[in-house]
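The lines below spell out each chain.
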Amino acid sequence: MEHLRSALRSLTHEVCRQLDGVEIPKRPVSTVVNRPDTAPYVAIDFDRPALSDLRFTLTIGLLKLPEYEAAADAIEKDPELREGIIVDGGGFLRKPERINLTRALLTNFLWRYLREGVQLDWDETRFVETYDQLRIELRRKSIVFHTTLPLSNLKMEVAALDFGDELELLPASIEELERWINRERSLPPLDAGVPQWNTYYVDKPAVLHKRQTVVGRPPSTDLNAVLGQLPRVNADLAITALRLVMNAPISVIFQEHHSEGLMALGGGSTRWGWSPPSLGPLATLDQEKAAQVLHVWHLLQKSPNINLLSLPLRRWESSLLRSNLEDKLIDAWISLEALLLGKKGG
């Protein structure tokens, strides 16, 4: 990979030269102010550097640089890199292709070297550190796949709640809240459309995070095999435990997916249903309730009676989510019947 190292050094040096003296434009952004003496609230930050614009300019401009062509040639000629340089959202390892895939890899490298737009100058030590990271990740051939699930009707007063297997409940970060409040509106809506984030719902709303390491594998023509190997998140038992303990209509508002790593294809995606849950009164998860949630969560996995409880639990959860009081009563009644009778006839 020595030829790649030399080509990358020339490319990085040229990018830094072109960025020297460039003034990053600013744009107003809605942000969350979180002070110790007051409740969090939304305010406008008029002086936020538009770093996403800088990254977009960087990735578009690469194709015009002869240094980029030299780096792309070095990647295509390197025997170690011919089998793949990018792991896509399905976990498939993709071979070099200079218009899109190679450009994605080199954009990732440059963006990490530039510290996501914060350090635009040339620095030999920083280049060596970033190159060493690239070499390690190219040989490991893996990315980290993050799934983020904001939950309705639940506020956190604990720092975290760990459900194991890299599934964790955390209070929403300022970065996440900014992303949801300033959601991109340029794309046409799919399904029910992007859920509108309630700007008053910014006081530590609960968010489930799932982290999965995905090792790249060769593409497959078997559609069933492809679908079976996609990264998936099953948070059903965690949400059931939260609903039972908190007695609140907690549900997933939407799902975000994001890949992390120098071999990630980049970008992210959001999934939402036809009827995003409304944000109503909040239940508060404190230390005592958190211990109860974990206790119930363990019981849901290990109880010998779990088969008898499946119907009662399902109907009880349904009663929490109903908006009509009569429907709530019917579901709760069926849940009670099923709990008392087991699988016997009524």
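Above: the structure in question.
Figured I'd write up the structure that's included with this text.

1. Quick notes on the overall build of the protein chain
Consideration 1: Looking only at helices and strands, one finds 11 helices and 11 strands in the protein chain.
Consideration 2: The dimensions of the protein chain, computed from C-alpha atoms along their principal axes, are 75 × 50 × 35 Å.
Consideration 3: Per-residue burial for the protein chain yields a buried fraction of 42% across its 346 residues.
Consideration 4: Considering only intrachain contacts with a sequence separation of at least 6, the fraction spanning at least 24 residues in the protein chain is 72%.
Consideration 5: Carbon and sulfur atoms form 53% of the exposed surface of the protein chain, whose accessible area is close to 19400 Å².
Consideration 6: Counting 41 positive and 46 negative side-chain charges, the protein chain places the centres of these two groups 4 Å from one another.

2. Remarks on the packing of helix α8 (residues 236–246) against helix α9 (residues 287–302)
Consideration 1: Close contact between α8 and α9 brings their axes to 8 Å; oriented N to C, the two are set at 130°. Here α8 lies oblique to α9, going by the angle between them. Here α8 runs over α9; the crossing is right-handed. On the side of α8, the interface is formed by Leu237, Ala238, Thr240, Ala241, Leu242, Leu244, Val245 and Met246, while α9 contributes Lys289, Gln292, Val293, Val296, Trp297, Leu300 and Gln301.
Consideration 2: Grouping the amino acids of the contact of α8 with α9 by side-chain chemistry returns 11 nonpolar, 3 polar and 1 charged.

3. What to know about the pattern of salt bridges
Consideration 1: By the definition in use, this model includes 21 salt bridges.
Consideration 2: Arg48 is the partner of Glu178 in a salt bridge, and the nearest nitrogen-oxygen pair spans 2.9 Å. Residue Glu178 is located in helix α6 (residues 174–181), and its partner Arg48 is located in strand β2 (residues 41–49); the two are separated by 130 residues in the primary sequence.
Consideration 3: Classification of Arg48 by relative accessible area gives partly exposed; the value is 23%.
Consideration 4: Linked by salt bridges that have partners in common, Glu69, Asp73, Glu76 and Arg98 make up one network.

Parameters at a glance
- Residues numbered from 1 in each chain as written.
- Predicted model: local features only at pLDDT ≥ 70, side-chain atom pairs only at ≥ 80, totals over all residues.
- Heavy atoms only, no water.
- Helix = DSSP H or I, 4+ residues; strand = E, 2+ residues; numbered from the N terminus.
- Buried < 20%, exposed > 50% of the residue type's maximum accessible area, 1.4 Å probe, protein only.
- Contact = heavy atoms within 4.5 Å.
- Areas by Shrake-Rupley, 256 points an atom, 1.4 Å probe, with all protein chains shown as cover.
- Lys, Arg positive; Asp, Glu negative; His and termini not counted.
- Charge placed at Lys NZ, Arg CZ, Asp CG, Glu CD.
- Axes fitted to C-alpha atoms, helices over the stretch in contact; angles between N-to-C directions.
- Parallel < 35°, antiparallel > 145°, perpendicular 65-115°, else oblique.
- Left-handed = near helix turned anticlockwise from the far one by under 90°.
- Nonpolar A, V, L, I, M, F, W, Y, C, P; charged D, E, K, R; others polar.
- Salt bridge = Lys/Arg side-chain N within 4 Å of Asp/Glu carboxyl O.

None of this, on its own, says anything about what the molecule does.
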